[in-house]
Amino acid sequence: MDSAGSPSTYNLSFAIAKGSTCTPEWNGTTAIDNSAVKSRISALKTSGATVRVSFGGASGKELAETCTSATALAKAYGEALDAAGSTQADFDIEGDALTDSTSVALRSKAIALLQKERTDLKVSFTLPVMPSGLDSDSLALLESANDNSVAVSTVNIMTMNYGESYTADMGDYAITSATATHTQLKKVFGLSDAGAWQGMALTSMLGVNDVSGETFSLSDAAQVRTFAESKEIAWVSMWSTFRDQQCESGSSDDDAATDCSGVTQTAGAFGEAFAG
């Protein structure tokens, strides 16, 4: 599905800690300089795209939870960026890592060190969101970044998995979540209306979500794209490229799968819907 929608950037998810060490690995299982992974990254770049290393995610340990100093943490982040040949770092902070104030502060210090060493480094944070906006822990993380003079390029909100009480249209919820977050970003970063939209990104989970009753459709993707274009939002994205295809006949459509969407579609249709 690499060509569907001609993606401008791929998030490489996820670089996390090897066990309880300060060593980065892909998914905590594959060496950060693994030759097969590097070959895959090279192919993505050859397609005309750039790559962004995403640290964290919902599983395993984010490196800020295992490294003991800002210097060591910055070094670990740098190793992953160098292995991918990337000048873009995303920090997908959720779950326990988001509520751990110690690791939040350490991460901010390490990112600030990294940006001093790498003046072209673009930093984004990927954070969970609700239709009411970012929660207090996410706002505290952004305040920590500010306090440590981190230059944040983009706040990427995960417009998905709101909870079983949310049963309406997923496209509408994405827009409601973005609108609430926009107000928060203006306040946190002191941005203008336009600046807050331009500093935001939206990532949706294709098709069947992890929460029962949540299904993000192709029409939702088109709705989100139109909204993003009207507001000049930094980017729209999807979780994940592997899921942008219909599940094989006979498989269950009730659960979110890692390699298909659970909805009727042609391969790459979501990428095309997001690209317009």
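You'll find the structure just up there.
From a predicted model like this one, the values you see are computed outputs, not experimental measurements.

Colleague: Account for helix α5 (residues 136-147), naming residues and giving values.
Modeller: An ideal rise of 1.5 Å per residue puts 16 Å on 12 residues; α5 measures up with 16 Å between its terminal C-alpha atoms. Looking only at α5, the buried set comprises S138, L141, L142, S144 and A145. Considered in projection along α5, the buried side chains sweep an arc of 155 degrees and stay on one side of the axis. With respect to the buried face of α5, the exposed residues turned more than 90 degrees away are S136 and D147. Residues of α5 that are buried make contact with α3 (96-99), α4 (101-117), β6 (122-128), β7 (152-159) and α6 (170-189). For α5, the capping residue at the N-terminal end is D135, with a side-chain oxygen 3.2 Å from the backbone nitrogen of D137. S149 sits one or two residues past α5 and shows a positive phi near 60 degrees.

Colleague: Could you give me a rundown of the packing of aromatic side chains, with the residues and numbers involved?
Modeller: Applying the stated criterion across every chain yields a total of 11 aromatic pairs. Ring geometry for F14 versus W239: centroids 5.8 Å apart, planes at 20 degrees, classification stacked. A residue pair is termed long-range when its members are at least 10 positions apart, and F14 in strand β1 (residues 9-17) and W239 in strand β11 (residues 235-239) qualify at 225 residues. F14 gets classed as buried once you look at its relative accessible area, which sits at 15%.

Colleague: Tell me about the side chain of N156, and name the residues and values.
Modeller: Secondary-structure assignment places N156 in strand β7. Note on N156: relative accessible area 2%, which makes it buried. A polar contact is formed between the side chain of N156 and the side chain of T126, at a distance of 2.9 Å. Reaching out from N156, the side chain makes a polar contact with the side chain of T203 at a distance of 2.9 Å. With residues up to four places along the chain from it excluded, the contact list for N156 reads F125, T126, L127, A201, L202, T203 and W235.

Colleague: Could you give an account of the environment of A80, naming the residues involved and the relevant values?
Modeller: With respect to the secondary-structure elements, A80 resides in helix α2 (residues 70-84). According to the relative accessible area criterion, A80 is buried, its value standing at 0%. Through-space distance from the C-alpha of A80 to that of T241 is 21 Å; in sequence the pair is 161 residues apart.

Colleague: Kindly report on the layout of surface pockets, identifying the contributing residues and their values.
Modeller: Estimates place the volume of the second largest pocket at around 150 Å³. Lining the second largest pocket are 14 residues, with A58, G60, E94, D96 and A97 sitting closest to its centre.

Colleague: Residue-level account of the nonpolar core, with values.
Modeller: Among the nonpolar cores identified, the biggest contains 70 residues, and F55, Y77, F91, F125, L127 and L142 are the most heavily contacted of them. For this core, the element with the highest residue contribution is α2, accounting for 9 residues. Every residue in contact with F125, bar those within four places of it in the chain, is listed here: D90, F91, R107, I111, L141, L142, A145, V152, T154, V155 and N156.

Colleague: Go over the pairing of strand β5 (residues 88-92), please, and point to the residues and values.
Modeller: Among the 5 residues of β5, 5 are classified as buried, and the element is accordingly described as predominantly covered. Side chains Q88, D90 and D92 project from β5 onto one buried face, and the interleaved A89 and F91 project onto a second face that is buried too. Bridge count for strand β4 (residues 50-56) against β5 is 4 bridges, and the pairing is parallel. Looking at the pairing, F55 lines up with F91 of β5. Relative to β6, β5 is paired through 5 bridges, and the arrangement is parallel. From the neighbouring strand, Q88 faces β6, where its bridge partner is K122.

Colleague: Can you tell me about the sheet that holds strand β3 (residues 30-31), naming the residues and giving the values?
Modeller: Ordered by their spatial adjacency, 9 strands build an open sheet running β3-β2-β1-β4-β5-β6-β7-β8-β11, and the pairing between neighbours is mixed. Of all strands in the sheet, those with a lone pairing partner are β3 and β11, marking the two edges. The sheet strands contacting α5 are β6 and β7, and the helix crosses β6 at an angle near 165 degrees.

Colleague: Could you give me a rundown of the packing of α6 against helix α8 (residues 218-231), with the residues and numbers involved?
Modeller: The interhelical angle for the contact between α6 and α8, taken along N-to-C directions, is 30 degrees, at an axis separation of 8 Å. The angle between α6 and α8 falls in the class roughly parallel. Crossing angle aside, the handedness with which α6 passes α8 is right-handed. Facing α6, whose interface residues are M170, G171, D172, A174, I175, A178 and T179, α8 presents D220, Q223, V224 and F227. Among the residues forming the contact of α6 with α8, the class breakdown is 6 nonpolar, 3 polar and 2 charged.

What counts, and where the lines are drawn
- Residues numbered from 1 in each chain as written.
- Predicted model: local features only at pLDDT ≥ 70, side-chain atom pairs only at ≥ 80, totals over all residues.
- Heavy atoms only, no water.
- Helix = DSSP H or I, 4+ residues; strand = E, 2+ residues; numbered from the N terminus.
- Expected span 1.5 Å × (residues − 1).
- Buried < 20%, exposed > 50% of the residue type's maximum accessible area, 1.4 Å probe, protein only.
- Arc of directions from axis to C-beta.
- Contact = heavy atoms within 4.5 Å.
- Polar contact = N/O pair within 3.5 Å; in protein donor to acceptor, adjacent residues only side chain to side chain.
- Phe/Tyr/Trp six-rings, centres within 6.5 Å; stacked < 30°, edge-to-face > 60°.
- 1 Å grid on protein atoms, 1.4 Å probe; cavity = no way out; pocket = protein on both sides within 12 Å on 5 of 7 lines; lining within 4 Å.
- Points joined across faces, edges and corners; volume = space filled by probe spheres on them.
- Core = buried A, V, L, I, M, F, W, Y, C linked by side-chain atoms within 4.5 Å.
- Pairing = 2+ DSSP bridges.
- Axes fitted to C-alpha atoms, helices over the stretch in contact; angles between N-to-C directions.
- Parallel < 35°, antiparallel > 145°, perpendicular 65-115°, else oblique.
- Left-handed = near helix turned anticlockwise from the far one by under 90°.
- Nonpolar A, V, L, I, M, F, W, Y, C, P; charged D, E, K, R; others polar.

Nothing here speaks to function; it is geometry throughout.
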